[in-house]
Amino acid sequence: MSRRRHSDENDGGQAHKRRRTSEPIEIEDRLESLICRVGEKSTSSLESNLEGLAGVLEADLPNYKSKILRILCAVARLLPEKLTVYTTLVGLLNARNYNFGGEFVEAMIRQLKETLKNNLYSEAVYLVRFLSDLVNCHVIAAPSMVAMFENFVSVTQEEDVPQVRSDWFVYVVLSCLPWVGKELYEKKDVEMDRLLSQIEGYLKRRVKTHVPMLQVWTADKPHPQEEVRVLQSVKQQQICAMPGSLPQVLAQATEMLYMRLDTMNTTCIDRLINWFSHHLSNFQFRWSWDDWSDCLTVDLEKPKPKFVKEVLEKCMRLSYHQRIVDIVPPTFSALIPADPIFTYKYPDDTASSLPGYPMSITVSNAIKNRASNEEILTVLKEVPNPNQEDDDDEGESFNPLKIDVFLQTLLNLAAKSFSHSFSALGKFHEILKTLANSDEGKLHLLKVLYEVWRNHPQMIAVLVDKLIRTQVVDCAAVANWLFSQDMAHEFTRLFIWEILHSTIRKMNKHVQKIQKELEEAKDKLEKQQHKRRDSGDDEEMDKNSEDEEGQLEEQIERLQEKVESAQSEQKNLFLVIFQVRKTTLEHLYKCRSFVSLPLWSNRVRIQTIPQSSQEQQFTP
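Description of the structure in this document. All values derive from a computational prediction rather than experimental measurement.

Right, let's talk about helix α18 (residues 418-427) for a bit. Ser421, Ala424 and Leu425 are the residues of α18 that are buried. Seen end-on, α18 carries its buried residues on one side only, within an arc spanning 95°. For α18, the elements touching its buried residues are α17 (400-413), α19 (429-435) and α21 (457-469).

The next point concerns the packing of helix α11 (residues 248-259) against helix α12 (residues 266-281). Two numbers describe how α11 lies on α12: the axes approach to 13 Å, and their chain directions differ by 145°. As for how α11 packs across α12, the hand of that crossing is left-handed. Counting all contacts with α11, which are made through Leu250, Thr254 and Leu257, the residues of α12 involved are Leu272, Trp275, Phe276 and His279. Residue composition of the contact of α11 with α12, by class: five nonpolar, two polar and no charged.

A few words on the nonpolar core. By size, the foremost hydrophobic cluster in this structure holds 78 residues, and its most contacted members are Phe406 and Trp481. Among the elements that line this core, the one with the most residues is helix α23 (residues 494-534), at twelve residues. Those residues in contact with Trp481 that lie beyond four places of it in its chain are Leu443, Leu446, Lys447, Tyr450, Ile460, Val464, Met487 and Ile499. Formed by 62 residues, the second largest nonpolar core is a distinct cluster that contains Leu69, Leu83, Phe100 and Val135.

Right, let's get into the side chain of Gln111. For Gln111, the location among the structural elements is in helix α4 (residues 98-117). Among the residues examined, Gln111 registers a relative accessible area of 16% and is labelled buried. In this structure, Gln111 is in contact with Cys73, Ala74, Arg77 and Leu127, ignoring residues within four places of it in sequence.

When you line up the elements, Ala124 lands in helix α5 (residues 121-136). Judged by relative accessible area, which is 0%, Ala124 ranks as buried. Taking the C-alpha atoms as reference points, Ala124 and Ala76, 48 residues apart in sequence, are found 9.9 Å from one another. Those residues in contact with Ala124 that sit more than four places away from it in its chain are Leu112, Thr115, Leu116 and Trp168.

Cut-offs applied
- Residues numbered from 1 in each chain as written.
- Predicted model: local features only at pLDDT ≥ 70, side-chain atom pairs only at ≥ 80, totals over all residues.
- Heavy atoms only, no water.
- Buried < 20%, exposed > 50% of the residue type's maximum accessible area, 1.4 Å probe, protein only.
- Helix = DSSP H or I, 4+ residues; strand = E, 2+ residues; numbered from the N terminus.
- Arc of directions from axis to C-beta.
- Contact = heavy atoms within 4.5 Å.
- Axes fitted to C-alpha atoms, helices over the stretch in contact; angles between N-to-C directions.
- Left-handed = near helix turned anticlockwise from the far one by under 90°.
- Nonpolar A, V, L, I, M, F, W, Y, C, P; charged D, E, K, R; others polar.
- Core = buried A, V, L, I, M, F, W, Y, C linked by side-chain atoms within 4.5 Å.

Structure representation (structure tokens):
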């Protein structure tokens, strides 16, 4: 019997209707793929690809204009790195179909308003920049663009508005001038002079009490610094880099930044470390390290040796340990990262005197033999509890030796790679949750993780992330561990602050996700109630609507509880961070001559504040 279902008079030709319906969808998907992929690596030239794509889109405009407009507006907002590619494409389409250019600009303006309404300010900058470059493509007239900029700058004349509002609009105009300034000035020089004069006047009279906090350096030597983030400007010069060679201007700028590390803002040092290590990876890690040998003659906690050590640490993540050893002079051995090997507490008979050694062999065999979670927990019941004479039969009380034996053994068996370790934690996360079901247990679990991978900071960071995702530990436990006395000697290491900021971001995203689900459920309930009111006297529809509303109300109640719980956990996390951080800093000041502490003690940056709190500060 044939498996193919033919249409007959009973099905009303539905099979053919479905096929006809799917054809436009396939065409729309093809258009989206073509637009999104243009500008990527291809055997053909970019010019020919754009000409070909413009021809395809022109042919499809009569039937798919709205879809094409939506896609182009989306890529203008979401793919700013291909701005000139898409502005050129729009210019080609405008040359072929004059009406399309006007409709596209109108759609972009609508999207710009919607973007500002939703507080998506970075994306709004991309949209205005896109509109600016359309002047170069003869889609927007220069006078129209100047008029738009004048409207933006006029915000600076408003009274009783936050300065940050005026700042944003001025910033948007200034950030667009590199794209279109020359064209505008050639055609509207008087208006542009007036515009720049207004901006200059605003910059002179604006309040600058925040500038010291944003300065890259705390000293004005060899020259004073205003509001320019010099580091960011230098990083942008990387665009002049050619494969296989390091531009002289970039090398000189890096040298200048290195010489001023002693007074550089900690945040800028972090960014310089991340950029410089990545940059070196693109040039075979070649650098004149001997020129920086002065960092070897000072305390290793000073900024210069700290910088070099962290750069080499990041370079190792992008390469491997022996490569770093080979490229750095032997005199820098004190700053070379440790070999990232696993440190196992129970390697062989030499550890037989340790209390957990016999059980580590038993647990290892159980894991190798693929024992179930229940069987492994039964084995772990035999592990003595150093905190009490008789262990809880249910295994619910905190037993540090249980955690030590199981986690050390598990990670040792999975130490071959990141993926092996991820898989091990994922497979046995229920056992880990059982062993670490108290605050003490979570803290000890993180302590054991650090002990075994203390020579591999990257592994620590990714495994802590995995433990949070599998809910073995919570964010507050990670903060408590990072600021514990056991970690005090690592306080100035960059990976500590990477873990902390990653943890805070996860907490904030979790809260935002649940809040979004709650708002969506409320909107759905409101729409359902409107629908029921509009249904009139239809009893059956009323009954169905009431049932759906009841389900939605229950869902909203559950989500509300989740939001309150998540917000409470978020608040607790920040309280832990600031309370424990304060205690730790006080202890370090009292107990150690911590030479670089003032420089490294201000790492909990503004970026960690929950987004909802930031959005309340500024509404254009």
